[in-house]
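A closer look at the structure
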Amino acid sequence: MIKEKIKKLSPSIDEWLKEAKADRASSQEGMFLVHNGVVRQTPKAKVRHGIDDGSMVTGMIFTYDAAKVDAAIAETYKMDGIFHVRVWLNEGQLELGDDIMYVLIGGDIRPHVVDALQSLVEKIKCECVTEIEQKD
């Protein structure tokens, strides 16, 4: 059973970028990408697999394994041209429109940063989190 927690306040992406650009590695970075996942009304099964049971999402219980997230971040740093990785994940009872996650990736060139962002978000979604959609 997932222990219900109170959702967190979302981070400031402006602050994250300021911190990233102040880091000593920033002189090697030519691009930053941000991912912001939010709770949507359309169920995952419909969006990803075309399965429509007529239901709509009204909320979500969200939790994650911090050790697995840390390992995924460490793997991302090993990718070519990646110098900055920051992840924030919400927790608890989330409502439509609430932030689920933020991911910031900084790296040398666009292809490296795009690949790293896609890889990390996929790993987090598939291996590190538990999302229980609440439907009407």
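The preceding data block contains the structure.
Here's what I pulled together on the structure shown here. All values reported here derive from a predicted model rather than from experimental measurement.

Taken as a whole, the largest pocket holds about 320 Å³ of empty space. Along the walls of the largest pocket sit 19 residues, with His35, Arg40, Arg48, Lys125 and Glu131 positioned nearest its centre. Elements that contribute at least two residues to the lining of the largest pocket include exactly β1 (31–38), α2 (44–49), β2 (57–64), β5 (99–107), α4 (110–128) and β6 (129–135). The greatest single-element share of the lining of the largest pocket, amounting to 4 residues, is contributed by α4. Grouping the constituent residues of the lining of the largest pocket by class yields 8 nonpolar, 4 polar and 7 charged.

It is worth spelling out helix α1 (residues 13–22) at this point. Turning to α1, its buried residues number three or more, namely Ile13, Trp16 and Ala20. Summarising the axial view, the buried residues of α1 lie within an arc of 55 degrees, below the 170-degree limit, and thus occupy one face. Those residues of α1 that are exposed and aimed more than 90 degrees away from the buried face are Asp14, Lys18, Lys21 and Ala22. Next to the buried residues of α1 lie β1, β3 (82–89) and β5.

Turning our eyes to something else, we now look at the packing of helix α3 (residues 66–77) against α4. Viewed as axis vectors pointing N to C, α3 and α4 meet at an angle of 160 degrees, and their least axial separation amounts to 10 Å. It follows from the interaxial angle that α3 and α4 lie roughly antiparallel. As for the relative orientation of α3 and α4, their crossing is right-handed in sense. Contacts between α3 and α4 pair Lys68, Val69, Ala72, Ile73, Glu75 and Thr76 from the former with Ala116, Leu120, Lys123, Glu127 and Cys128 from the latter. For the contact of α3 with α4, the per-class residue count stands at 6 nonpolar, 1 polar and 4 charged.

Parameters and conventions
- Residues numbered from 1 in each chain as written.
- Predicted model: local features only at pLDDT ≥ 70, side-chain atom pairs only at ≥ 80, totals over all residues.
- Heavy atoms only, no water.
- 1 Å grid on protein atoms, 1.4 Å probe; cavity = no way out; pocket = protein on both sides within 12 Å on 5 of 7 lines; lining within 4 Å.
- Points joined across faces, edges and corners; volume = space filled by probe spheres on them.
- Helix = DSSP H or I, 4+ residues; strand = E, 2+ residues; numbered from the N terminus.
- Nonpolar A, V, L, I, M, F, W, Y, C, P; charged D, E, K, R; others polar.
- Buried < 20%, exposed > 50% of the residue type's maximum accessible area, 1.4 Å probe, protein only.
- Arc of directions from axis to C-beta.
- Contact = heavy atoms within 4.5 Å.
- Axes fitted to C-alpha atoms, helices over the stretch in contact; angles between N-to-C directions.
- Parallel < 35°, antiparallel > 145°, perpendicular 65-115°, else oblique.
- Left-handed = near helix turned anticlockwise from the far one by under 90°.

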